[in-house]
Amino acid sequence: MAELMNIGFGNLVHTDKIVAVVTPDSAPAKRLAQRAKQEERIVDATQGRKTRSVLIMDQNMVVLSALAPDTLAGRFHELVGNGKGD
């Protein structure tokens, strides 16, 4: 079942739409975010804070979060794992 996951500051994403969560430190992640910004397919949910995670969504969207990938993975597991009886 689909859930909404908090990615920080009250911003939510649909868990079924998440393809990957990566750190923004690598050159490919930086290029991905820059290209998404140029093509107007990025959502900046950092509220002006440092970007700590890049969420790659389906349909080629990119979401920036100020939360660490480990934090988001824990939240994802809580939502999706509990829904499946884990």
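Residues numbered from 1 in each chain as written. Predicted model: local features only at pLDDT ≥ 70, side-chain atom pairs only at ≥ 80, totals over all residues. Heavy atoms only, no water.

A.B. asks: When you look at the nonpolar core in this model, what are you seeing that I'm missing?
C.D. replies: The tendency in soluble globular proteins is for nonpolar side chains to be buried as a group. Core analysis: the largest hydrophobic core is formed by 10 residues, namely Met5, Ile7, Val13, Ile18, Ala45, Leu55, Met57, Val63, Leu67 and Leu72. Secondary structure elements with two or more residues in this core: strand 1 (4-8) and strand 5 (53-57). The residues contacting Met5, other than those within four sequence positions of it, are Asn11, Leu12, Val13, Thr15, Ile18, Leu72, Arg75, Phe76 and Leu79. In terms of nonpolar packing, the next biggest core, distinct from the first, is built from five residues, Ala33, Ala36, Val54 and Val62 among them. (Core = buried A, V, L, I, M, F, W, Y, C linked by side-chain atoms within 4.5 Å. Buried < 20%, exposed > 50% of the residue type's maximum accessible area, 1.4 Å probe, protein only. Helix = DSSP H or I, 4+ residues; strand = E, 2+ residues; numbered from the N terminus. Contact = heavy atoms within 4.5 Å.)

A.B. asks: Got a minute to help me understand the pattern of salt bridges in this structure?
C.D. replies: Proximity of charged atoms lets side chains of opposite charge pair with each other. Going through the model one piece at a time under the given rule, you end up with two salt bridges. The salt bridge partner of Asp58 is Lys17, with a shortest N-O separation of 4.0 Å. Note that Asp58 is positioned in the loop between strand 5 and strand 6 (62-65) and Lys17 in the loop between strand 2 (11-14) and strand 3 (18-22), a separation of 41 residues in sequence. A residue is classified by how much of its surface remains accessible, and Lys17, at 34% relative accessible area, is partly exposed. Linking Arg41 and Glu39 is a salt bridge whose minimum nitrogen-to-oxygen distance equals 2.6 Å. (Salt bridge = Lys/Arg side-chain N within 4 Å of Asp/Glu carboxyl O.)

A.B. asks: Quick question: what am I supposed to make of the pairing of strand 6 here?
C.D. replies: On any regular strand, side chains alternate: one points to one face of the sheet, the next to the other face. Residue alternation in strand 6 divides its side chains into two sets, Val62 and Leu64 and Val63 and Ser65, and both sets are buried. Pairing geometry for strand 4 (residues 42-44) and strand 6, over three bridges, is parallel. What sits directly across from Asp44, in strand 6, is Leu64. Judged from the four bridges that link them, strand 5 and strand 6 form a sheet pairing that is antiparallel. Across the sheet, residue Ser53 finds its bridge partner in strand 6, namely Ser65. The hairpin turn running from strand 5 into strand 6, its antiparallel successor, is four residues long, and Gln59 in that turn takes a positive phi close to 60°. (Pairing = 2+ DSSP bridges.)

A.B. asks: Any chance you could explain helix 1 (residues 27-38) here in plain terms?
C.D. replies: For the α-helix, the turn length of 3.6 residues means that residues three or four positions removed from each other point alike. With 12 residues, helix 1 ought to run about 16 Å at 1.5 Å a step, and its terminal C-alpha atoms sit 16 Å apart, in line with that. Of the positions making up helix 1, those classed as buried are Ala29, Ala33 and Ala36. For helix 1, the angular spread of the buried residues around the axis is 65°, confining them to a single face. Summarising the geometry of helix 1, the exposed residues directed more than 90 degrees from the buried face are Lys30 and Gln38. Here the buried face of helix 1 lies against strand 3, strand 4 and strand 6. Downstream of helix 1 by one or two residues, Glu40 has phi in the positive range, about 55°. (Expected span 1.5 Å × (residues − 1). Arc of directions from axis to C-beta.)

A.B. asks: Would you mind showing me how to read the environment of Asp16 here?
C.D. replies: Summarising the element assignment, Asp16 is placed in the loop between strand 2 and strand 3. Under the relative-accessibility criterion, Asp16 is labelled exposed at 53%. Sequence separation of Asp16 and Leu4 is 12 residues, and the distance between their C-alpha atoms is 8.7 Å.

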